[in-house]
Amino acid sequence: SQQGEEDPQALSIQEGENATMNCSYKTSINNLQWYRQNSGRGLVHLILIRSNEREKHSGRLRVTLDTSKKSSSLLITASRAADTASYFCATALTGGGNKLTFGTGTQLKVEL
Amino acid sequence: SAVISQKPSRDICQRGTSLTIQCQVDSQVTMMFWYRQQPGQSLTLIATANQGSEATYESGFVIDKFPISRPNLTFSTLTVSNLSPEDSSIYLCSVEQGWDGYTFGSGTRFTVV
């Protein structure tokens, strides 16, 4: 399977703390994307990092990409209760057309 | 970015029947993607729907079970046929937004009883 692996599977933190999620994948990619899903609903695109980029920021989000290790991390700083959701990485594979392959996901719970 | 209206949002279906899910996009898009998310799992691509041609199915998914229509550049339907309890999942459609990633519909969650 080309599916990426994410760890941890579940993460529980206090509001104000930082949350870090990791994603590993298996083959060459064009880009890697992170999505959030609230309560089994539709996914919301958070950030896209291209294969020639190493780090990207968007608000409280910081994404890194290490293509030599085939891994990425998502850091959410100063977490809020509203950040409670499932987070998925997804890769657009080289030569894979427009298809996305999703990772296994991390369930984040931010407690007050 | 595009906005997708997906219907129905949820349903309870009888075993052996079929359910059709609709996705309407507020702009023209070349490809639409259909995903399945089984309980507690990640998303798995079912098929890619192109306007004017047959959908391209991923390994493990067949047209007889998951027929797809794509009559124009803003609309697509996915039917899940001959329902069994194993089909109980969330089904999502999505469209590509270039370097802004993909936009997803709000999902259809159904339970087969």
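A short tour of the structure in this document, coming up. (Residues numbered from 1 in each chain as written. Chains lettered and ligands numbered in written order. Predicted model: local features only at pLDDT ≥ 70, side-chain atom pairs only at ≥ 80, totals over all residues. Heavy atoms only, no water.)

Concerning the pairing of strand E5 (residues 43-50) of chain A
Residues and elements named next belong to chain A.
Item 1. Relative to E5, strand E4 (residues 29-37) is paired through seven bridges, and the arrangement is antiparallel. Residue pairing for E5: Arg 36 is matched across the bridge by Val 44.
Item 2. Hairpin connection, E4 to E5: the antiparallel pair is bridged by five residues, and Ser 39 has positive phi, about 45°. (Pairing = 2+ DSSP bridges. Helix = DSSP H or I, 4+ residues; strand = E, 2+ residues; numbered from the N terminus.)

Topic: the interface of chain B and chain A
Item 1. Contacts between the two partners involve 24 residues from chain B and, on the opposite side, 20 residues from chain A.
Item 2. Between chain B and chain A, roughly 1700 Å² of surface is buried when both sides are summed, and carbon and sulfur atoms account for 51% of that area.
Item 3. At the boundary of chain B with chain A, the tally comes to one salt bridge.
Item 4. Here chain B and chain A share seven residue pairs in polar contact (both at pLDDT 80 or more) between them.
Item 5. Looking at the side of chain B that touches chain A, the elements with two or more residues in it are strand E4 (31-37), strand E5 (43-50), strand E9 (89-96) and strand E10 (102-104) of chain B.
Item 6. Broken down by element, the side of chain B that touches chain A gets its largest block of residues, four residues, from E4(B).
Item 7. Its residues assigned to classes, the side of chain B that touches chain A shows 10 nonpolar, 10 polar and four charged. (Contact = heavy atoms within 4.5 Å. Buried area = accessible area lost by both parts, 1.4 Å probe. Salt bridge = Lys/Arg side-chain N within 4 Å of Asp/Glu carboxyl O. Polar contact = N/O pair within 3.5 Å; in protein donor to acceptor, adjacent residues only side chain to side chain. Nonpolar A, V, L, I, M, F, W, Y, C, P; charged D, E, K, R; others polar.)

Some details on the sheet that holds strand E1 (residues 5-7) of chain A
Residues and elements named next belong to chain A.
Item 1. Reading across from one edge, E1-E3-E8-E7-E6 is the order of the five strands in this open sheet, with antiparallel pairing throughout. In this open sheet, the two edge strands, each paired with only one partner strand, are E1 and strand E6 (55-58). Ignoring which end each strand starts from, the neighbouring axes of this sheet average 15° apart. (Axes fitted to C-alpha atoms, helices over the stretch in contact; angles between N-to-C directions.)

Section: the state of the cysteines
Residues and elements named next belong to chain B.
Item 1. Taken as a whole and assessed by the stated rule, the structure comprises two disulfides over all chains.
Item 2. In this model, Cys 23 is linked to Cys 93 through a disulfide, with the two sulfur atoms separated by 1.9 Å. Judged by the torsion about the S-S bond (-90°), the Cys 23/Cys 93 disulfide is left-handed. Residue Cys 23 is located in strand E3 (residues 19-25), and its partner Cys 93 is located in strand E9; the two are separated by 70 residues in the primary sequence.
Item 3. Since its relative accessible area comes to 0%, Cys 23 is described here as buried. (Disulfide = S-S within 2.5 Å. Buried < 20%, exposed > 50% of the residue type's maximum accessible area, 1.4 Å probe, protein only.)

Topic: unusual backbone geometry
Item 1. Residue A:Pro8 is reached from A:Asp7 by a cis peptide bond, and omega for that bond is 0°.
Item 2. Inspection of the secondary structure assignment puts A:Pro8 in the loop between E1 and strand E2 (10-14).
Item 3. In this structure, A:Ala78 takes a positive phi of about 45° despite not being glycine.
Item 4. Position of A:Ala78 among the secondary structure elements: in the loop between strand E8 (71-76) and strand E9 (85-93).
Item 5. Accessibility expressed as a relative area gives 38% for A:Ala78, which makes it partly exposed.
Item 6. Phi at B:Asn82 takes a positive value of approximately 45°, unusual for a residue other than glycine.
Item 7. The topology assignment puts B:Asn82 in the loop between strand E8 (75-80) and E9.

Focus on the pairing of strand E1 (residues 4-7) of chain B
All names here are of chain B.
Item 1. Residues Ile 4 and Gln 6 of E1 are buried on one face, while the alternating residues Ser 5 and Lys 7, pointing to the opposite face, are not.
Item 2. Pairing between E1 and E3: four bridges, direction antiparallel. Residue pairing across strands places Ile 4 opposite Val 25, the latter belonging to E3.

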